[in-house]
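# Structural overview for review
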Amino acid sequence: MFSRFKKRTTLIQNIAFMSLMAAINVVFVLLTTFIPFLVILMIFILPLTSVLVTIFCKKRYFLLYFLATTGLCMVCTLWNFSDTLFYVIPSMISGFVFGLFAIYKFPLLYLILGPSIIYFGFSYASIPLIQLIYGFNIIDTFANAFALGDFIYLDVITPSFIFIIALIQSTISYMIIKEEIKKFNQSVEENNDFMWLNIIINVVLLGLLTLFAFIYLPISYLMMIISLMITIYFISLDIASRKLISIIIDGIVVFISLLALLISYQYIPNPYQLLLFGILEFLITVKTFINKCLLCRNNKDKINTLE
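Since this is a predicted model, take the numbers as computed values, not measurements.

Glancing now at the environment of Ser116. Inspection of the secondary structure puts Ser116 in helix H5 (residues 108–134). Overall, Ser116 belongs to the buried group, its relative accessible area being 0%.

Take a look at the structure:
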């Protein structure tokens, strides 16, 4: 798709490419001002422009691109630059992080989760700023764009929903430029060190999920979503390895977890029911931990045998 794109080496080439990407951002912001429902398309596409700038241009020029794009978007929407604060700036920053992670060979899990967390953080931080400047909650506008304005538990799901949007952004960026990414890191193979870290992170997330279920439910749901992504990643690695036993065990764990969720659902008050997905996340994490322990033991036995 980007076969005609190549690394920009001269200042003129960098400026020309960054100008094109900045223009795309400005056009989207203007279009959403007059056609509000296009915001759905904008939030999924905008990070990609920054990813392309990071990959194809010299990184030292990114600050210039960032400032120019932000300034142009604000000038073109002087009457209301809330879209720039909530969509454009977080998208550019998360796109830059995504591009860096791709170039420096970060594992796929972090390539998707890292920029998503960045986007979520900056978007969520902009909400009170927009409230202070304009006196309205942009979450209401955001929710209406996705037909969630009347949802009774909107406050509960808002952090999770923004994070899911960020995940979709990162996934779309990866799917579109994955062939270009291969030029920077031909293959990213998971190793034991990263797997142990993934397991530890998921255990921490599950602990926070449980803790915040009693303190602040929106954060608990957010922890569940992040943990679910890591859990899906664990399962996908088993499927990719084509180890029949692991796949069968994963299937059994998923079945038991869903069965437990269905049986328990009616006894759990709203809106706590979906937190029962934590059962699946916990069991898959335990299974992955046991699997890695057995793998380490087998490797140690092989080394001892060779000696």
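Moving on, we come to unusual backbone geometry. In this structure, Pro271 follows Asn270 across a cis peptide bond, with omega equal to -5°. On the secondary structure map, Pro271 appears in the loop between helix H10 (244–265) and helix H11 (277–306). The phi angle at Arg242 is positive, at roughly 60°, despite the residue not being glycine. By the secondary structure assignment, Arg242 is in the loop between helix H9 (217–241) and H10. In this structure Arg242 comes out as exposed when scored by relative accessible area, which is 75%.

Our focus in this paragraph is helix H4 (residues 82–103). Think of an α-helix as turning once every 3.6 residues; residues three or four places apart then point the same way. Across its 22 residues, H4 extends 31 Å between first and last C-alpha, which sits within 8% of the 32 Å expected from 1.5 Å per residue. Taking the largest bend as the criterion, H4 deviates by roughly 30°, centred on Val88, and proline Pro90 comes between one and four positions later. Along H4, 21 of the 22 residues are buried, which leaves the element largely enclosed by surrounding structure. Immediately downstream of H4, the backbone of Lys105 shows phi near 65°, a positive value.

Analysis parameters
Residues numbered from 1 in each chain as written. Predicted model: local features only at pLDDT ≥ 70, side-chain atom pairs only at ≥ 80, totals over all residues. Heavy atoms only, no water. Helix = DSSP H or I, 4+ residues; strand = E, 2+ residues; numbered from the N terminus. Buried < 20%, exposed > 50% of the residue type's maximum accessible area, 1.4 Å probe, protein only. Expected span 1.5 Å × (residues − 1). Bend = angle between axes of the 7 residues up to and from the residue.

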